[in-house]
Amino acid sequence: MNTQVICFANNKGGSGKSTTCANVGYALSALGYRVLLIDGDMQLNLSLSFFSEDDVLHHAQGQENLYYAIKNQKDLEPFIVPAGYENIDIILSSTLMSSIEYELFTKWQRELILKKCLKTVREKKNYDYILIDSPPTLGGWVMNILCASDYVVIPVEATPWGMFGLGNMFEFLEDVRQIAENLRVLGIVVTKADTRKNYFKQTFESLRELGNVNVFQSYIRIDSSVEWSQDNNMPIMAYRKNCRSAGEYMALTKELIGKIKEV
Ligand SMILES: Nc1ncnc2c1ncn2[C@@H]1O[C@H](COP(=O)(O)OP(=O)(O)OP(=O)(O)O)[C@@H](O)[C@H]1O
Ligand SMILES: [Mg+2]
């Protein structure tokens, strides 16, 4: 199987990108797929889903992180570390990622730097899936992430402002497609759903009726277990294997795999 690269992107902050990326990544590994996670955000949230704050900050200050690799246009393979579970590795981020836009600005073909740095890792086919977490922005760095990906998953919160942000996201994707011709939108996943609210039901239905974009049938409900798992620097399935959220992320992951086979 060729390596499939999937990024999680949405300029709306707090829409569930990092949580979805970490938990879909873990679910894929639990299904026996070989997974590489890449933390593309200065907030370090994907990194913190697997490592303690001390460990993450230690990596972030040295050279063993994505910022150092991208800034110096290095092959990403030496930056990969085991994530602490079977079948899953990670490239950690750095708080210095906050200045990545500035670093990229003067570089030749600046939208394609991540893609080039990832080339060898892809070609070696050591991974079935590479998942990349993005920051809540729509600039040159997110463009890099999208250009390095085969698919984008858009986590969305079913709130009025969550819906508003989606318009900007799709406009940006139209621009990116001019240089990332192979990029496909795998779908919108509704996160942090409060199923008691009519607003959720109505928004979920209207998203599905849009018709021009896949909306995953599996949505992720709001659940404090997710926050507890993050407090313990663990994916939900490792923290509480049989809880409701663990089942929801697994269902989403299976639907996502099916969708990739379809498109
Ligand atoms: N299913 C869930 N149940 C409860 N809380 C959740 C759930 N999913 C995410 N959260 C919480 O919502 C917040 C935002 O989630 P997350 O950090 O994944 O979003 P994000 O899109 O990555 O944010 P940012 O745009 O800042 O990178 C976090 O505090 C997280 O703990
Ligand atoms: Mg995030």
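Provided above is the structure to which this section pertains.
Every value quoted in this text rests on a predicted model; they were computed, and no experiment measured them.

1. Let's talk about the site of ligand 1
Moving on, step 1. Around ligand 1 sit 21 residues in total, of which Gly13, Lys17, Ser18, Thr19 and Pro136 are the nearest.
Moving on, step 2. Looking at the shell around ligand 1, the elements that each hand over two or more residues are helix H1 (17-30) and helix H10 (224-231).
Moving on, step 3. A breakdown of the residues in the shell around ligand 1 according to their chemical character gives 5 nonpolar, 11 polar and 5 charged.

2. Thoughts on the environment of Val226
Moving on, step 1. Mapped onto the secondary structure, Val226 falls in helix H10.
Moving on, step 2. Given 27 C-beta atoms within 10 Å, Val226 falls into the buried group.
Moving on, step 3. Val226 sits 47 residues away from Ile179 along the chain, and the two C-alpha atoms are 36 Å apart.
Moving on, step 4. Once residues within four sequence positions are removed from consideration, Val226 is found in contact with Thr19, Ile236 and Ser245.

3. Observations concerning the pairing of strand E7 (residues 184-191)
Moving on, step 1. Within E7, 6 of the 8 residues are buried, leaving the element largely enclosed by the surrounding structure.
Moving on, step 2. Sheet analysis places strand E6 (residues 151-157) next to E7, joined by 7 bridges and oriented parallel. Within E7, the residue paired with Pro155 across the bridge is Val189.
Moving on, step 3. Read from E6 through helix H8 (residues 160-177) to E7, the crossover connection turns out right-handed.

4. Some words on the environment of Gln4
Moving on, step 1. In this structure, Gln4 sits in strand E1 (residues 4-8).
Moving on, step 2. A residue is classified by how many C-beta atoms lie within 10 Å of it, and Gln4, with 19 of them, is partly exposed.
Moving on, step 3. Measuring from C-alpha to C-alpha, the distance between Gln4 and Ser149 comes to 7.9 Å, with 145 residues separating the pair along the chain.
Moving on, step 4. In contact with Gln4, not counting residues within four places along its chain, are Asp128, Tyr129, Asp150, Tyr151 and Ile260.

5. As for unusual backbone geometry
Moving on, step 1. Phi at Asn87 is positive, roughly 70°, even though this residue is not glycine.
Moving on, step 2. One non-glycine residue with positive phi stands out, namely Asn233, at about 55°.
Moving on, step 3. Mapped onto the elements of the fold, Asn233 is located in the loop between H10 and helix H11 (236-239).

6. Let's talk about helix H6 (residues 113-124)
Moving on, step 1. Restricting attention to buried positions, one finds in H6 the residues Ile113, Leu114, Cys117, Leu118 and Val121. End-on, the buried residues of H6 take up no more than an arc of 100°, which puts them together on one face. In H6, the exposed positions that point more than 90 degrees away from the buried face belong to Thr120 and Glu123.
Moving on, step 2. On the buried face of H6, the contacting elements are strand E2 (35-39), helix H4 (66-71), helix H5 (100-105) and helix H7 (140-147).

7. Describing the sheet that holds E2
Moving on, step 1. The strand order across the open sheet built from 7 strands is E3-E4-E2-E5-E1-E6-E7, with neighbouring strands paired in mixed fashion. Bordering the open sheet on either side are strand E3 (81-85) and E7, each of which pairs with just one other strand. Strand-to-strand twist of the sheet, defined as the mean angle between neighbouring strand axes without regard to direction, takes the value 25°.
Moving on, step 2. Here 3 bridges tie E3 to strand E4 (residues 88-91), and the two strands are oriented antiparallel to one another. Paired with Tyr85 across the bridge in E4 is Ile88.
Moving on, step 3. Helix-sheet contacts for helix H12 (residues 244-262) involve E1, E6 and E7, and the interaxial angle to E7 is about 165°.

8. Considerations on the nonpolar core
Moving on, step 1. With 81 residues, the main nonpolar core has Leu37, Leu66, Leu131, Ile145, Leu146 and Tyr249 as its most contacted residues.
Moving on, step 2. Here the element with the most residues in this core is H1; it accounts for 7 residues.
Moving on, step 3. With sequence-adjacent residues up to four places away left out, Tyr249 is seen in contact with Asn23, Val24, Ala27, Ile220, Ile236 and Met237.

What counts and what doesn't
- Residues numbered from 1 in each chain as written.
- Chains lettered and ligands numbered in written order.
- Predicted model: local features only at pLDDT ≥ 70, side-chain atom pairs only at ≥ 80, totals over all residues.
- Near = placed C-beta within 6 Å.
- Helix = DSSP H or I, 4+ residues; strand = E, 2+ residues; numbered from the N terminus.
- Nonpolar A, V, L, I, M, F, W, Y, C, P; charged D, E, K, R; others polar.
- Buried ≥ 20, exposed ≤ 12 C-beta atoms within 10 Å, placed from the backbone.
- Contact = placed C-beta atoms within 7 Å.
- Pairing = 2+ DSSP bridges.
- Right-handed = clockwise from strand over helix to strand, strands pointing away.
- Arc of directions from axis to C-beta.
- Axes fitted to C-alpha atoms, helices over the stretch in contact; angles between N-to-C directions.
- Core = buried A, V, L, I, M, F, W, Y, C linked by C-beta atoms within 7 Å.

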